[in-house]
Amino acid sequence: MDRTTRVDKSNPYLDPGYQDFPVINVLSGILKGKKYLLTKKEYLIGRDPKSDIVIDDRKVSQKHAMISKSSGGFLLCDLDSTNGIFVNNRRMGRYDKLPLKAGDTFQIGTCIFQFVWQSE
């Protein structure tokens, strides 16, 4: 069963300037239903209120993960979190950097995110 969420580019409410940017969809957890458009170079994910994506969950470290733009796409990096990150149901190692591909899912705390990028 294909669980990949696809962005409808023909939607008149989508800003045409954002169509080439990836989106992080939250599939479950306390942020379920939220979408994050990745227009900046870096996104900090964690429990810290100063994070770009704040997850108020005790299983999430203050500075848990980072998504950063690289020359070839976007990388997901574990920032030495206590409970780790699961990508496509496999645990990442501490300080690992993993290139995200369209359709990839990753779990931080109770939240499951999906990386969606139509330009790939």
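### A look at the environment of H64
Link 1 in the chain: Position of H64 among the secondary structure elements: in the loop between β4 (53-54) and β5 (65-70).
Link 2 in the chain: Measuring from C-alpha to C-alpha, the distance between H64 and D48 comes to 9.1 Å, with 16 residues separating the pair along the chain.
Link 3 in the chain: Excluding residues within four positions of it along the chain, H64 makes contact with I45, G46, K59, C77, D78, L79, S81, G84, I85 and I108.

### Remarks on the sheet that holds strand β3 (residues 42-46)
Link 1 in the chain: Across the sheet, which stays open at both edges, the five strands sit in the order β4-β3-β5-β6-β9 with mixed pairing between neighbours. One side of each edge strand has no neighbouring strand; the edge strands of this open sheet are β4 and β9 (97-99).

### Overview of the sheet that holds strand β1 (residues 23-28)
Link 1 in the chain: Reading across the sheet, the six strands line up as β2-β1-β11-β10-β7-β8 and stay open at both edges, with antiparallel pairing between neighbours. Either end of the sheet is taken by a strand with one partner, and the two such strands are β2 (35-37) and β8 (90-91).
Link 2 in the chain: Where strand β10 (residues 105-108) lies against strand β11 (residues 111-116), four bridges are found, and the strand directions are antiparallel. Of the residues in β11, the one forming a bridge with F106 is F113.

### Remarks on the environment of Y43
Link 1 in the chain: Inspection of the secondary structure puts Y43 in strand β3.
Link 2 in the chain: Note: C-alpha distance between Y43 and I67 (24 residues apart in sequence) is 5.1 Å.
Link 3 in the chain: Excluding its chain neighbours within four sequence positions, the residues that come into contact with Y43 are L37, L38, D52, A65, M66 and I67.
Link 4 in the chain: Within the structure, Y43 has its side chain in polar contact with the backbone oxygen of L37 (distance 3.1 Å).

### Re the environment of F86
Link 1 in the chain: The residue F86 is located in strand β7 (residues 86-87) in this model.
Link 2 in the chain: Separated by 23 residues in the primary sequence, F86 and G109 place their C-alpha atoms 9.4 Å from one another.
Link 3 in the chain: Apart from residues no more than four positions distant in its own chain, F86 is found in contact with R91, T105, F106 and Q107.

### Regarding the packing of aromatic side chains
Link 1 in the chain: Applying the stated criterion across every chain, the model contains four aromatic pairs.
Link 2 in the chain: When the centroid spacing of 5.4 Å and the interplanar angle of 80 degrees are considered together, the rings of F74 and W117 count as edge-to-face. With a gap of 43 residues between them, F74 in strand β6 (residues 73-78) and W117 in the segment after β11 connect regions that are remote in the sequence.
Link 3 in the chain: For the pair F106 and F113, a centre-to-centre distance of 5.0 Å together with 15 degrees between the ring planes defines the contact as stacked. Judged on exposure class, the residue F106 and its partner F113 are both buried.
Link 4 in the chain: Cluster of aromatic residues (ring-pair linked, three or more members): F74, F115 and W117.
Link 5 in the chain: A cation over a ring is seen here: K40 above Y43, with NZ or CZ 5.1 Å from the ring centre.

### Some words on unusual backbone geometry
Link 1 in the chain: The backbone phi angle of D80 is positive, close to 60 degrees, even though this residue is not glycine.
Link 2 in the chain: You can see D80 is positioned in the loop between β6 and β7.
Link 3 in the chain: Assessed through its relative accessible area of 33%, D80 is described here as partly exposed.
Link 4 in the chain: In this structure, N88 is a non-glycine residue whose phi angle is positive, near 50 degrees.
Link 5 in the chain: Tracing the backbone shows N88 in the loop between β7 and β8.
Link 6 in the chain: The exposure class assigned to N88 is partly exposed, which follows from its relative accessible area of 38%.

The rules behind these values
Residues numbered from 1 in each chain as written. Predicted model: local features only at pLDDT ≥ 70, side-chain atom pairs only at ≥ 80, totals over all residues. Heavy atoms only, no water. Helix = DSSP H or I, 4+ residues; strand = E, 2+ residues; numbered from the N terminus. Contact = heavy atoms within 4.5 Å. Pairing = 2+ DSSP bridges. Polar contact = N/O pair within 3.5 Å; in protein donor to acceptor, adjacent residues only side chain to side chain. Phe/Tyr/Trp six-rings, centres within 6.5 Å; stacked < 30°, edge-to-face > 60°. Buried < 20%, exposed > 50% of the residue type's maximum accessible area, 1.4 Å probe, protein only. Lys NZ or Arg CZ within 6 Å of the ring centre and 35° of its normal.

That's the geometry; what it means functionally is another story.
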